[in-house]
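Listed below are the residues making up each chain.
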Amino acid sequence: MRRSLVIGNWKMNGSLDSTSEILRAIETTIDDKITCDIGVCVPFVYITAAQEITKPTVITIGAQTVSEYQPGAYTGEVSAHMLEDVGCSWVLIGHSERRTLFNEANAQLVKKVLAAQMTGVTPVYCVGETQEEYKSGATFDVIKDQVEALLNNSAVDLTQLVLAYEPVWAIGTGLTASPEEAQKVHAFIRALVSERDINAANMLRILYGGSVKPDNALSLFGQKDIDGGLIGGASLDAKAFVSICQKA
Ligand code: PEP
């Protein structure tokens, strides 16, 4: 019922040359056995180049953050309208690096989700607990807080949204939540969403992120409530990324 989705997050990596090299390599390796939707979130400055290289029927392009403001006097910011203008399909919102390094908190992130939803760009709202929170058994409380910040705002459109569960301790560390552990959190998120809208909850794609690699993707994506992945490091390696997509 839910079509799988795999999104690469290149973070602040790459160059004009490597953008075209990696995207061309991904496109030429993809075959018709792949049935999931595929997105790649590149740095702002490479979005147009990425669009020119890829066929939107094969790879859709996204950004890694967006301003919560409407166009105007906000030096250095990039608006959702601009992302739409250059053809972005996705924008990551609330990635843990934005939350921790740039102090983006739930209230601001909800505004970003709303800004994206005013355009045709689909927000990918990321949630996840830190290692400390995980160890102290606070995972479900943290996830509840982050998800409810979104659900409590009635203007948020649950049908133009993707969620991503990314335990912070698993991002870029080589550690992953076990498939069973991740499934429990995904089921919990879906249950929270279903309290507001059961149909939207059933349709909502919830991605898992945190050191997904070709050798652990199958067991993670095989879980009932895991609808694909948000892939960091491995998305910069075309072969590994396509291999992950094949498992979704
Ligand atoms: C990420 O940055 O969203 C991520 C999941 O990174 P990695 O796959 O490298 O852990």
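Quantities reported herein were computed from a predicted structural model and do not represent experimental measurements.

Asker: If you had to explain the pairing of strand β5 (residues 122-127) to someone new, which residues and values would you point to?
Answerer: Along β5, six of the six residues are buried, which leaves the element largely enclosed by surrounding structure. What you see with β5 is no split at all: T122, V124 and C126 on one side and P123, Y125 and V127 on the other are buried throughout. Examined bridge by bridge, strand β4 (residues 90-93) and β5 share four bridges and lie parallel to one another. Each residue of the ladder has a partner; that of I93, found in β5, is Y125. Across four bridges, β5 lies against strand β6 (residues 162-165) in parallel orientation.

Asker: So what's going on with the site of the ligand? Which residues, and what values?
Answerer: Around the ligand, the surrounding shell holds 14 residues, and the nearest of these are K11, E166, G172, S211 and G233. A distance of 2.7 Å separates an oxygen atom of the ligand from a polar backbone atom of S211. A distance of 2.8 Å separates an oxygen atom of the ligand from a polar atom in the backbone of G232. Taking 290 Å² as the accessible area of the ligand by itself, protein coverage stands at 97%.

Asker: An account of the UniProt feature "active site" (unreviewed entry) in the protein chain is needed here, citing residue identities and associated values.
Answerer: The residues that UniProt annotates with the feature "active site" (unreviewed entry) are H95 and E166. The greatest C-alpha distance among the annotated residues, which extend across 72 residues, is 8.3 Å, indicating that they converge on a single site. Residues from the annotated list that form part of the lining of the largest pocket: H95. Its location among the elements puts H95 in the loop between β4 and α4 (96-101). A relative accessible area of 4% places H95 in the buried class. Excluding residues within four positions of it along the chain, H95 makes contact with N9, K11, C126, E166 and I171. In terms of polar contacts, H95 uses its side chain to reach the side chain of N9, at 3.4 Å. Its place among the elements puts E166 in the loop between β6 and α8 (179-196). Overall, the relative accessible area of 5% leaves E166 in the buried class. In contact with E166, not counting residues within four places along its chain, are H95, C126, V127, G128, E129, I171, G209, G210 and L230. Of the polar contacts made by the side chain of E166, one reaches the side chain of H95; its length is 3.5 Å.

Asker: Kindly report on the environment of I22, identifying the contributing residues and their values.
Answerer: With respect to the helices and strands, I22 occurs in helix α1 (residues 16-29). Exposure remark for I22: the relative accessible area of 14% places this residue in the buried category. With 142 residues separating them in the primary sequence, I22 and A164 have C-alpha atoms 24 Å apart. Residue contacts for I22: discarding those within four places in its chain leaves W10, S235, L236 and A238.

Asker: Report on the sheet that holds strand β3 (residues 60-63), specifying residues and quantitative values.
Answerer: If you walk around this closed barrel you meet the eight strands as β1-β2-β3-β4-β5-β6-β7-β8, and the pairing is parallel. The sheet shows a mean angle of 25° between the axes of neighbouring strands, direction not considered. In terms of strand pairing, strand β7 (residues 205-209) meets strand β8 (residues 228-231) through two bridges, oriented parallel. If you follow Y208 over to β8, its bridge partner there is G229. Here helix α7 (residues 139-151) sits on the sheet and contacts β5 and β6; the angle it forms with β5, its principal contact strand, is near 155°.

Asker: Quick rundown of the packing of aromatic side chains? Include the residues and the values.
Answerer: On inspection of all chains with the given rule, the structure shows four aromatic pairs. Seen in terms of ring centroids, Y69 and Y74 are 4.1 Å apart; in terms of plane orientation they differ by 0°. Their pairing is stacked. Judged by its relative accessible area of 37%, Y74 is partly exposed. Across from the ring centre of F102, 4.1 Å away, lies the NZ or CZ of R98, which sits over that ring.

Asker: A description of the packing of α1 against helix α11 (residues 238-246) should follow, citing residues and the corresponding values.
Answerer: Angle between the axes and distance between the axes are the two parameters that describe a pair of packed helices. Interhelical geometry of α1 versus α11 gives an angle of 40° and a closest axis separation of 9 Å. As judged from the angle between their axes, α1 and α11 are oblique. Between α1 and α11 lies a crossing whose hand is right-handed. Contact residues: α1 offers I22, A25, I26 and T29, while α11 offers A238, F241 and V242.

Analysis parameters
Residues numbered from 1 in each chain as written. Predicted model: local features only at pLDDT ≥ 70, side-chain atom pairs only at ≥ 80, totals over all residues. Heavy atoms only, no water. Buried < 20%, exposed > 50% of the residue type's maximum accessible area, 1.4 Å probe, protein only. Helix = DSSP H or I, 4+ residues; strand = E, 2+ residues; numbered from the N terminus. Pairing = 2+ DSSP bridges. Near = heavy atom within 4 Å. Polar contact = N/O pair within 3.5 Å; in protein donor to acceptor, adjacent residues only side chain to side chain. Areas by Shrake-Rupley, 256 points an atom, 1.4 Å probe, with all protein chains shown as cover. UniProt positions renumbered as here; feature names shortened; annotations may be inferred. 1 Å grid on protein atoms, 1.4 Å probe; cavity = no way out; pocket = protein on both sides within 12 Å on 5 of 7 lines; lining within 4 Å. Contact = heavy atoms within 4.5 Å. Axes fitted to C-alpha atoms, helices over the stretch in contact; angles between N-to-C directions. Phe/Tyr/Trp six-rings, centres within 6.5 Å; stacked < 30°, edge-to-face > 60°. Lys NZ or Arg CZ within 6 Å of the ring centre and 35° of its normal. Parallel < 35°, antiparallel > 145°, perpendicular 65-115°, else oblique. Left-handed = near helix turned anticlockwise from the far one by under 90°.

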